[in-house]
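Summary of structural features
Here's the letter readout for the chains.
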Amino acid sequence: MSKPKVGLYWCAACGGCEEAVVDLAEGILDVVAAVDIVFWPVALDFKRSDVEALADGELAVCFINGAIRSSEQCEMVELLRRKAQAVIAFGSCAQLGGIPGLANVTNRRSVMDEAYKNVPSLEKGNTVEPITESTVPEGKLELPTLWETVKTLDQVIDVDYYLPGCPPPVELIKNALQAILTGQLPPKGTVLAPDIALCEHCDRRESKPDKLSVKEFKRAHLTQIDPKECLLAQGLLCLGPVTRDGCGTPCIKANMPCTGCLGPTSHVQDYGAKALSAIASTAGSNDEKEMETILGGIVDPVGTFYRYSLPASLLHRRYQPTVEGGK
Amino acid sequence: MSENTQKSDSFEPRIVAFFCNWCTYTAADLAGTARMTYAPNVRVVRIMCSGRLDPQFILAALRDGADGVLIGGCHPGDCHYQEGNYKALRRFILLKRMLASLGIEEGRVRLEWIAASEGEKVQRVINEMTETVRRLGPLRLEQRQMIPAEAHGSAHAAAAHGGNV
Ligand code: SF4
Ligand code: SF4
Ligand code: FES
């Protein structure tokens, strides 16, 4: 029997998800023994034409990481969707929009200006930016278009499963591969990780009080952090209470608060709103002014609570206020 | 001027109100039985306590066509469950800042403490809020401009994929 064919692809991502696959270490040899990798641009020299040459559904599974924010990425994932029986959104960016999804607080024009006009490393006066179409003596040249709004993979194509995390923890990748190879996958749409909150398996759980009362929210880089006590109880913005378990809490073990990369459990629709709700409730005062002062310690609510999930949120992005409302 | 800033006389704001069972909902009932008239723009959802109001409900309402959201609870100290309205207030304070950063105008989400006996406060708040939202115009997120307004360039690829949403 021939081995199942597998593809891996990246869109708007940092490359960390690719690194996570490499982090399987010897495990990757088992994978290679069990499947045929027929497309993996970061590691193997296959071209788009190789994918086009596959029959529809010929790939048993395709892992796609990264958010979708350009016409090219969109075309590629539509192509891969046709060729694959199962598509797995791999990592926070594909699942929820991820860090690139924070571009949804601004727009295409500002992103282009920042990259091609304002960055200090640019040669002075050089404001050349890529245009999507240009005519040269040999004919017309085209470049992909950058979208106004960054999207999650499932806002563009149908997705079968999700591997959460920035990047997905090796254990979860191994379990997912095991499930695929043995045909023991859960129902379509499942996030392939435990469906409980991170706090459940946190070493500091015992020191997390039932009723948290935070008098001051602190920023990690300005704080001497106790290595044993619950981080939220210390006033650090630890999002463990609203984040999915499954990473083994590496951040907390490194004495840093959880920023929520594994995303929400299945009971939550909008991660940022839920995180905001959980954190705000801990502000330790019943006096409105004092609440404002305490919560004022959270300097960037959008960046804090939607760090990995703005495109997947109910509002998806930032909008232009109406003339009357804009100040 | 784009569509979303136009305020034709025909625009009737749609406001979703989440009223707590013990105070504000009772007050709205009272306003009803006392035959007080107020703007018919509010759809009231009864919740047991303002502390039960998940911020997700507010975002979902705005996403799904509400032009504004009104939250009503018992006065501080009067919550049937003691602490619920303090929780609601903490969330509201932070949510207001987050919504402002996402370009949702301030007047669209409002929190008021209204006791069971304050029927006329229900009337006043609903009338005020309807006027505020009428002035702000329809929310219509899917038709809104990105921020800051796009100067030039092609957005056709984005448009092909559901535009700006
Ligand atoms: S809030 Fe953070 S530090 Fe505290 S128990 Fe939960 S995950 Fe651990
Ligand atoms: S602790 Fe939080 S941020 Fe760190 S890996 Fe786990 S889910 Fe991600
Ligand atoms: S019961 Fe009215 S606010 Fe809690």
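Everything numeric here is computed off the predicted structure, so don't read it as measured data. (Residues numbered from 1 in each chain as written. Chains lettered and ligands numbered in written order. Predicted model: local features only at pLDDT ≥ 70, side-chain atom pairs only at ≥ 80, totals over all residues. Heavy atoms only, no water.)

**Quick notes on the pattern of salt bridges**
Under the definition given, this model contains 22 salt bridges over all chains. Between Asp113 of chain A and Arg109 of chain A there is a salt bridge; the shortest N-O distance is 2.8 Å. Of this pair, Asp113 of chain A and Arg109 of chain A are both found in helix α6 (residues 108-118), four residues apart, which corresponds to roughly one turn of the helix. A salt bridge links Arg124 of chain B to Glu128 of chain B; its shortest N-O distance comes to 3.1 Å. One end of the pair is Arg124 of chain B and the other is Glu128 of chain B, both in helix α4 (residues 119-136) and four residues apart, which spans about a single turn. (Salt bridge = Lys/Arg side-chain N within 4 Å of Asp/Glu carboxyl O. Helix = DSSP H or I, 4+ residues; strand = E, 2+ residues; numbered from the N terminus.)

**Some points on the sheet that holds strand β2 (residues 36-39) of chain A**
Residue and element names in this part refer to chain A. Taken in spatial order, the five strands make up an open sheet running β2-β1-β3-β5-β9, and their pairing is parallel. Of all strands in the sheet, those bounded by a partner on one side alone are β2 and β9 (161-163). Strand-to-strand, the axes of this sheet are offset by a mean angle of 30°, without reference to chain direction. Both strand β1 (residues 5-10) and strand β3 (residues 59-65) contribute to a ladder of six bridges, which runs parallel. Directly across from Lys5, in β3, lies its bridge partner Leu59. (Pairing = 2+ DSSP bridges. Axes fitted to C-alpha atoms, helices over the stretch in contact; angles between N-to-C directions.)

**So, the domain arrangement of chain A**
Residues and elements named next belong to chain A. Its domain assignment divides chain A into domain 1 (1-193) and domain 2 (198-305). Each partner contributes to the interface: domain 1 provides twelve residues, whereas domain 2 provides ten residues. Here domain 1 packs against domain 2, burying approximately 700 Å² in sum over the two surfaces, 68% of which is carbon and sulfur. Contact with domain 2 buries surface across domain 1, with Leu96, Pro169 and Ala193 losing the most and accounting together for 36% of the total. Taken together, the connections running from domain 1 to domain 2 amount to zero salt bridges. By residue number, the principal contributor to the side of domain 1 that touches domain 2 is helix α5 (residues 92-96), which donates three residues. Looking at the side of domain 1 that touches domain 2, its residues break down into nine nonpolar, three polar and no charged. (Domains from an automatic or database assignment. Contact = heavy atoms within 4.5 Å. Buried area = accessible area lost by both parts, 1.4 Å probe. Nonpolar A, V, L, I, M, F, W, Y, C, P; charged D, E, K, R; others polar.)

**Here's the deal with the packing of aromatic side chains**
Per the stated rule, a full pass over the model turns up three aromatic pairs over all chains. Directly above the ring of Tyr25 of chain B sits Arg46 of chain B, whose terminal nitrogen or CZ lies 4.9 Å from the centroid. (Phe/Tyr/Trp six-rings, centres within 6.5 Å; stacked < 30°, edge-to-face > 60°. Lys NZ or Arg CZ within 6 Å of the ring centre and 35° of its normal.)

**What to know about the site of ligand 1**
Close contacts around ligand 1 come from Cys199, Cys202, Arg205, Lys208, Cys230, Leu231, Leu232, Cys238, Gly240, Pro241 and Ile252 of chain A, and that covers them all. Class assignment of the residues belonging to the shell around ligand 1 gives a composition of eight nonpolar, one polar and two charged. (Near = heavy atom within 4 Å.)

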